[in-house]
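Secondary and tertiary structure notes
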Amino acid sequence: MALDIDGTLLKSNFKIDRSTKDAIDYVRKKGVYVTLATGRNFPSAKKIAKDLKLDCILITHNGALIASSIDEPLYENRISAEKVRNIVKVVEDYDAHVRLLHERYALGNQVQQKSQLVAKMTMGIGDPLFYPVTFTERLSNHLEEKPMSVPKIDIQFFNEEEKEEAYERLMEEFEEIDVTASTRCGFEIGPKGVSKASGLQFLGNHLGISLKEMVAVGDFTNDIEMIRQVGLGVAMGNAPESVQNAADWVTRSNDQHGVGYMVREVFRRQMKMQIEQPMEH
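Remember, it's a predicted structure, so these values are computed and weren't measured experimentally. (Residues numbered from 1 in each chain as written. Predicted model: local features only at pLDDT ≥ 70, side-chain atom pairs only at ≥ 80, totals over all residues. Heavy atoms only, no water.)

Scanning the protein for helices and strands turns up 11 helices and 14 strands. Within the protein, the proportion of its 281 residues that are buried is 52%. Across the protein, contacts joining residues at least 24 apart in sequence account for 61% of those joining residues at least 6 apart. Working note: accessible area of the protein is about 13,200 Å², and carbon and sulfur atoms make up 47% of it. (Helix = DSSP H or I, 4+ residues; strand = E, 2+ residues; numbered from the N terminus. Buried < 20%, exposed > 50% of the residue type's maximum accessible area, 1.4 Å probe, protein only. Contact = heavy atoms within 4.5 Å. Areas by Shrake-Rupley, 256 points an atom, 1.4 Å probe, with all protein chains shown as cover.)

Rendered as structure tokens:
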């Protein structure tokens, strides 16, 4: 079972409900391998896994870093330092907050706008105590002196039109990267062909678990591919329509214990049948 973190496991207040922890405990004790598939950085995902008593291989940075230990990744894929610098130069033409997400630390640009958006983004990206974040005035200058190759770049815009324009430019100027929407005004950049879905496929091969034996749960567009490819794809009740349409099953929202509800309905009542015959529910 692969679970997304933000908007899926975590409630809107960034906490995990007791009933969600109990549900995960239940399936784990039944012998189900439970992993997290997230856009978050590795230390942040590891902290949440620990909270859930999961000692597993994690799919982090949207599939660009798959590991149970930061020192011995099972799989890693990065955007080259030169490409990172060139992407940053394009984005600096816009009013945007950029985060370069290395697996051990993050580097961000200082933004003029003291908006709630940045505060929310900072919270959502992980706990600074577990993951140092440094801010610099002009990222591209910093990268000239200290090049950085990263598994993922997060960009948050303050204006939807600028986001669209930057997206067009990035797609036109750079091959070998994938740009996916993460929020209405933000997107994530990763190495081409790397996604939660490809990460899940890689991990399945490693563990000897086929895709049709998997359940994947998510709430945003970067979860669609993963939800479509597994035996039982589950969308959260708070997910946009496009995500719900891609799913075999829609559970309650993250604030209504959607993961716990799904586990009760699917695993407790008809665990065996549901995974073998996901379409006959």
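Looking now at the sheet that holds strand β12 (residues 215-218). In spatial order, the strands read β2-β1-β12-β13-β14; together these 5 strands make up an open sheet with parallel pairing. Strands at the two margins of the open sheet, each flanked by one partner only, are β2 (35-36) and β14 (249-250). (Pairing = 2+ DSSP bridges.)

It is possible for side chains bearing opposite charge to pair when their charged atoms get close. Within this structure, the stated rule accounts for 19 salt bridges. D25 is the salt-bridge partner of K29, the closest N and O atoms lying 3.7 Å from each other. In this pair, K29 and D25 are both assigned in helix α2 (residues 18-29), 4 residues apart and thus about one turn of the helix distant. Judged by its relative accessible area of 66%, K29 is exposed. Residue D25 is classed as buried on the basis of its relative accessible area, which comes to 16%. Close ionic contact of E144 with R85 constitutes a salt bridge, the shortest N to O distance being 3.7 Å. Placement of E144 in helix α6 (residues 139-145) and of R85 in helix α4 (residues 81-91) is noted, with a sequence separation of 59 residues between them. What you see here is one network of salt bridges that share partners, running through D4, K196 and D223. (Salt bridge = Lys/Arg side-chain N within 4 Å of Asp/Glu carboxyl O.)

Moving on to the packing of aromatic side chains. Following the criterion strictly, the structure yields 5 aromatic pairs and no others. Ring geometry for Y167 against F187: centres 6.2 Å apart, planes inclined by 65 degrees, an arrangement best described as edge-to-face. With Y167 in helix α7 (residues 160-173) and F187 in strand β11 (residues 186-191), the pair connects residues that are 20 residues apart, well separated along the chain. (Phe/Tyr/Trp six-rings, centres within 6.5 Å; stacked < 30°, edge-to-face > 60°.)

Right, let's get into the sheet that holds strand β4 (residues 65-67). Strands sit in the order β3-β4-β5 across an open sheet of 3 strands; the sheet is antiparallel. Because the sheet does not close on itself, it has two edges, and the strands there are β3 (58-60) and β5 (75-76). Pairing analysis gives 2 bridges linking β4 to β5, with the strands arranged antiparallel. Counterpart to I66 in the pairing with β5 is Y75.

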